[in-house]
Amino acid sequence: MNSRISDIASSTADSHAKLEGLGRGMEELQESSTTIGTLIYNIEDIAETLNVLSINGAIQAARSGDMGQGFAVVTGEMRKLALSVKESATTQMGVVKTVIEKINESAVMSRTVRGGMERNKVSMQETDRDISELRNHMDIVASSTSQLAASIHEFSATIEQISRSISSIEEMMERIS
C-alpha cells in the first residue's frame, strides 16, 4: 500500500472508530435526557397533585372553622411549595427540551459524519486497490520493455552478423571476379 494512502487510511479508520464511540455516547445521552425529561414530568405531576391536595385541605380547613386555621396555614404553604416546584420543573423541562434537541441534532450530525468517514474509508481502499493494480500493470510493462530491449539487442546482433556475412560474400565475389 502506498505509504501516504496507508497513513490516510489509518487516520480515517482511527477517526471512524472515535466517531463510533462519539455516536454511542450521543445515543446514551439521548436515553439519559429522555429519562431526565420523564423525571421532571413526574415532578410536575407530583406538584400538581400536591396543589390539588392543598386546595382540598384548604377547603376542609375552612369547613372546620377556627379549629382548622392551623391546618389552613399548612395547606397554604403546601400550595406555595407546589406552585414553586411546578414553576421550577416547567423551567427545567424547557432547559431539558433544549438540551435534548441539541443532543438529537448532534447525534444526527455524528451519524452523517460517520457515514462520510465510512465512504472515505471505502474510497481509500478502492484507491489503494487501483494503485496496486496500476503498479502491477507498470511492472508488466517494465518486464515487457526489458524483454523487448533484449529482443532488439538480439535482432541488432543478428543484423550485424548478416551485415558481416554480406561483406564477406562481397569480398569473395570481388576475388572471384
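Every value quoted in this text rests on a predicted model; they were computed, and no experiment measured them.

K.L.:
An account of the nonpolar core is needed here, citing residue identities and associated values.
P.N.:
Grouped together as the largest cluster of nonpolar side chains are 5 residues: I40, A89, M93, V96 and I100. With 4 residues, helix α2 (residues 69–176) is the single largest residue contributor to this core. I100 has contacts with S33 and T34, leaving out every residue within four places of it along the chain.

K.L.:
Outline the pattern of salt bridges, listing residues and values.
P.N.:
Once their charged atoms are close, side chains differing in charge can pair, the charge on each being opposite to the other. Taken as a whole and assessed by the stated rule, the structure comprises 7 salt bridges. Between D14 and K18 there is a salt bridge, with the nearest N and O atoms lying 3.3 Å from each other. Here D14 pairs with K18, and both are found in helix α1 (residues 3–64), just 4 residues apart, close to one helical turn. Note on K18: relative accessible area 57%, which makes it exposed.

K.L.:
So, α1: which residues are in play, and what are the values?
P.N.:
With 62 residues, α1 should reach 92 Å at 1.5 Å per residue; the first-to-last C-alpha distance of 90 Å fits that figure. One or two steps after α1, the chain reaches G65, where phi turns positive at roughly 70°.

K.L.:
Any details on the side chain of T75? Residues and values, ideally.
P.N.:
In this fold, T75 is placed in helix α2. By relative accessible area, which is 2% here, T75 ends up buried. One polar contact links the side chain of T75 to the main-chain carbonyl oxygen of A72, over a distance of 2.9 Å. Setting aside chain neighbours within four positions, we find T75 in contact with S54, G57 and A58.

K.L.:
I'd like a description of the packing of α1 against α2, backed by residues and values.
P.N.:
The contact between α1 and α2 brings their axes to 6 Å, and the two run at 165°. Judged by the angle between their axes, α1 and α2 are roughly antiparallel. In this structure, the crossing between α1 and α2 has a hand that is left-handed. Taken together, the residues that form the contact of α1 with α2 break down as 32 nonpolar, 19 polar and 10 charged.

Rules of the game
- Residues numbered from 1 in each chain as written.
- Predicted model: local features only at pLDDT ≥ 70, side-chain atom pairs only at ≥ 80, totals over all residues.
- Heavy atoms only, no water.
- Core = buried A, V, L, I, M, F, W, Y, C linked by side-chain atoms within 4.5 Å.
- Buried < 20%, exposed > 50% of the residue type's maximum accessible area, 1.4 Å probe, protein only.
- Helix = DSSP H or I, 4+ residues; strand = E, 2+ residues; numbered from the N terminus.
- Contact = heavy atoms within 4.5 Å.
- Salt bridge = Lys/Arg side-chain N within 4 Å of Asp/Glu carboxyl O.
- Expected span 1.5 Å × (residues − 1).
- Polar contact = N/O pair within 3.5 Å; in protein donor to acceptor, adjacent residues only side chain to side chain.
- Axes fitted to C-alpha atoms, helices over the stretch in contact; angles between N-to-C directions.
- Parallel < 35°, antiparallel > 145°, perpendicular 65-115°, else oblique.
- Left-handed = near helix turned anticlockwise from the far one by under 90°.
- Nonpolar A, V, L, I, M, F, W, Y, C, P; charged D, E, K, R; others polar.

Just distances and angles here, no functional claims.
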